[in-house]
Amino acid sequence: MKPIQVGLLGIGVVGAGTFNVLKRNQEEIQRRAGRGIEITMVADLDVARAQSIVGSGVQVVNDARAVIANPEIDIVIELIGGYGIAKALVLEAIAAGKHVVTANKALLAVHGTEIFAAASAKGVMVAFEAAVAGGIPIIKALREGLTANRIQWIAGIINGTTNFILSEMRDKGLDFGVVLKEAQRLGYAEADPTFDIEGVDAAHKATLMSAIAFGIPVQFDKAYVEGITKLGATDIKYAEQLGYRIKLLGITKRRAADAVKGTAAGIELRVHPSLIPSKRLIANVEGAMNAVVVNGDAVGTTLYYGKGAGSEPTASAVIADLVDITRLHTVDAANRVPHLAFQPHTFDKAMGTLPVLPMGDVVTSYYLRLRVADQAGVLAKVTGLLAEAGISIDAVLQREADEVGGEGGAAAVAQTDLIILTHDCVEARMNAALAQMQALPTVLQPIVRIRKEELA
Ligand code: HSE
């Protein structure tokens, strides 16, 4: 049978990896797919460089629309990225009846509803394994492998750049700014690392996992996003002393209404630095690696680990999608695996309409660090405010003035750090208690608050 023909839009690091792996493993891939898969046309602004990667047997053009217009092309791979031209090209490819494979998490997290609806209407597939956690087949696992389960929660280290920075901060006791510069010098962080360090990239990925896990539409605009730029070496050190590591987690959870706790039913969707017990496997995921923990009611807790970026790891995910499409493209569209795991018409029913909860309604536990005047009654006052708010304390650590740096000993008022771990409470309640604590004259600096997840 004639090989399925693929057009590639953008041949950068991942595109080149995809071309090379397809070629290298073509025989095994063909045996799996039941048909050859060939990239026969590439669009890239740098035609000469693109041609040098793919050789003379592949047509290279500088106009992506020429690929979409080619009637021989069955599948278009979009590796341009971003929400701009990539969105227009994906929609045009769908309108032209092409199946689409993309690694573009930003595009799908923000415009997924429109794109998946257009694809369903046209009867084509949009596959995006490479959009979340690079080479880890987490989309396949959530959408198909765990399909028997009522998924309860997902927590993932889904941004390698920030995990590399946090690992270095912990290993070397350095602050964020110093490590970021080093990460940029080594090529781990982009020249403009905003999406990574501010948590936006992780939130795009968490948004996609949330939709697939709970059968809700993609709703990036409802995600809570907090990056790692304000983290200091001090808190990483204290967390370690308490048996925790700090990781940037993408978290999504199903939450039932609870009249006693005063919580509403809905879906939590949030990205922020989190303390997690050092003994958890995911706490030991270091450097640029990714890992995702998924908890389902039948399977229990499962863990997926691997490279979240890079040429061939991401190509591995792109090609898995090419094989899926090659196997399924002749199947009646209604019998294919739905884009977001759940049949789209169920999105306006029951679970599908569950709201993404505002951050004030989220339930979690906390690490608090208060720089306070080292005077009698300060601890009692602080813990009293937490007790009044109904927030239960799990552990307290006090670091003496001479341990908290020169500032402590040299300051007019002797100072100390109070570190408090709490049990779970509703975030709005913690916000109110924090405002009261911050207003105490004996609390000398802005309170550090980092959320904590036990992931039990
Ligand atoms: N920049 C991402 C990371 C990879 O650092 O993990 C692509 O999403």
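Residues numbered from 1 in each chain as written. Predicted model: local features only at pLDDT ≥ 70, side-chain atom pairs only at ≥ 80, totals over all residues. Heavy atoms only, no water.

## Considerations on the overall build of the protein chain
Which entries qualify depends on this criterion: Every helix listed is a DSSP run of H or I at least four residues long, and every strand listed is a run of E at least two residues long, numbered separately from the N terminus. The buried label goes to any residue with under 20% of its type's maximum accessible area, the exposed label to any with over 50%, and the partly exposed label to all in between, with areas taken from a 1.4 Å probe on protein chains only. Two residues form a contact once any of their heavy atoms are found within 4.5 Å.
For the protein chain, the count of helices and strands is 16 helices and 17 strands. Projected onto the principal axes, the alpha-carbon positions of the protein chain cover approximately 80 × 50 × 35 Å. In the protein chain, buried positions account for 55% of the 456 residues. For the protein chain, long-range pairs separated by at least 24 residues make up 75% of all intrachain contacts whose partners lie at least 6 apart in sequence.

## Considerations on the environment of leucine 9
You can see leucine 9 is positioned in strand β1 (residues 4-9). If near-sequence neighbours (up to four positions away) are discounted, leucine 9 is found in contact with Ala43, Ala64, Val67, Val76, Ile77, Glu78, Leu79, Ile80 and Leu89.

## Points about the site of the ligand
What counts, and what does not: When at least one non-hydrogen atom of a residue lies within 4 Å of a molecule or strand, that residue is treated as near it. The term polar contact refers here to a pair of N or O atoms within 3.5 Å; inside protein, the definition further demands a hydrogen-donor-capable atom paired with an acceptor-capable atom, and it admits residues adjacent in sequence only when both atoms are side-chain atoms. Residue burial considers only the protein chains on display, and all accessible areas are found by Shrake-Rupley using a 1.4 Å probe. Residue type decides the class: Asp, Glu, Lys and Arg count as charged, Ala, Val, Leu, Ile, Met, Phe, Trp, Tyr, Cys and Pro as nonpolar, and the leftover types, Gly among them, as polar.
The environment of the ligand is formed by Lys105, Asn159, Gly160, Thr161, Asp196, Asp201, Lys205 and Ala309. The separation between an oxygen atom of the ligand and a polar side-chain atom of lysine 105 is 2.8 Å. Residue threonine 161 places a side-chain N or O atom 2.5 Å away from an oxygen atom belonging to the ligand. For the ligand, whose unbound accessible area comes to 260 Å², protein coverage reaches 80%. Mapped by element, the contributors of at least two residues to the shell around the ligand are α8 (160-172) and α11 (200-214). Looking at the shell around the ligand, its residues break down into one nonpolar, three polar and four charged.

## Examining the sheet that holds strand β4 (residues 75-78)
The test is simple: Only strands that DSSP links by at least two bridges are regarded as paired with each other. Note on method: axes are straight lines fitted to C-alpha atoms, helices fitted across the in-contact stretch only, with angles between N-to-C directions ranging 0 to 180 degrees.
Reading across the sheet, the six strands line up as β3-β2-β1-β4-β5-β6 and stay open at both edges, with parallel pairing between neighbours. The sheet terminates laterally at β3 (59-61) and β6 (126-127), the two strands that pair on one side only. Strand direction decides the pairing type here: β4 and strand β5 (residues 99-102), joined by four bridges, are parallel. Opposite isoleucine 75, over in β5, you have histidine 99 as the bridge partner. Packed onto the sheet, helix α3 (residues 47-54) meets β2 (37-43) and β3 and runs at close to 160° relative to β3. Those strands touched by helix α13 (residues 311-328) are β1, β2, β4, β5 and β6, and its axis lies near 165° from that of β5.

## Topic: the environment of methionine 1
As for its placement among the helices and strands, methionine 1 is situated in the segment before β1. Taking the relative accessible area as the measure of exposure, methionine 1 reaches 80% and is therefore exposed.

## Structural notes on the packing of aromatic side chains
Formally: For Phe, Tyr and Trp, where Trp contributes only its six-membered ring, two rings pair if their centres lie within 6.5 Å, and the inter-plane angle classes them as stacked under 30 degrees, edge-to-face over 60, or tilted in between. A ring has a charge above it when a Lys NZ or an Arg CZ is no more than 6 Å from the ring centre and no more than 35 degrees off the ring normal.
Considering all chains together, one arrives at one aromatic pair under this definition. Here the basic side chain of arginine 143 rests over the ring of phenylalanine 128, its NZ or CZ set 5.8 Å away from the ring centre.

## Describing the packing of helix α14 (residues 378-388) against helix α16 (residues 427-438)
We apply this condition: Each angle receives one of four descriptions, namely roughly parallel if under 35 degrees, roughly antiparallel if over 145, roughly perpendicular if within 65 to 115, and oblique otherwise. Here a crossing is taken to be left-handed if its near helix is turned anticlockwise relative to the far helix by less than a right angle, and right-handed if that turn runs clockwise.
The geometry of α14 relative to α16 is characterised by a closest axis approach of 9 Å and an angle of 155° between their N-to-C directions. Between α14 and α16, the angle falls in the class roughly antiparallel. Judged by the twist between their axes, the crossing of α14 over α16 is right-handed. Taken together, the residues of α16 that come into contact with α14 (itself represented by Val382, Leu385 and Leu386) are Met430, Ala433, Gln436 and Met437. Class assignment for the residues of the contact of α14 with α16 results in six nonpolar, one polar and no charged.

## What to know about unusual backbone geometry
Despite not being glycine, alanine 341 has its phi angle at roughly 75°, a positive value. As for its placement among the helices and strands, alanine 341 is situated in the loop between α13 and β13 (363-373).

## Considerations on the nonpolar core
Under the convention used in this document: Working definition of a nonpolar core: buried Ala, Val, Leu, Ile, Met, Phe, Trp, Tyr and Cys residues. They are joined through side-chain atoms within 4.5 Å.
By size, the foremost hydrophobic cluster in this structure holds 84 residues, and its most contacted members are Phe128, Ile138, Leu142, Ile165 and Val294. Residue contributions to this core peak at 10 residues, all from α11. Ignoring any residue separated from it by four or fewer positions in sequence, one finds phenylalanine 128 in contact with Thr102, Leu108, Phe116, Ile139, Arg143, Leu208, Ile212, Asp321, His339 and Leu340.

## A few points about the domain arrangement of the protein chain
Quick note on the threshold: These domain boundaries are the output of an automatic or database domain assignment. Put simply, buried area is the surface a 1.4 Å probe can reach on two separate parts but cannot reach once they are joined, added for both.
Parsing the protein chain into structural domains produces domain 1 (4-127), domain 2 (140-309 + 351-360) and domain 3 (363-452). Its C-alpha centre places domain 1 at a distance of 29 Å from the equivalent point of domain 2. On the domain 2 side, the residues contacting the eight residues of domain 1 number nine residues. Counting each side, the surface lost to burial between domain 1 and domain 2 is near 690 Å², with a carbon and sulfur contribution of 71%.

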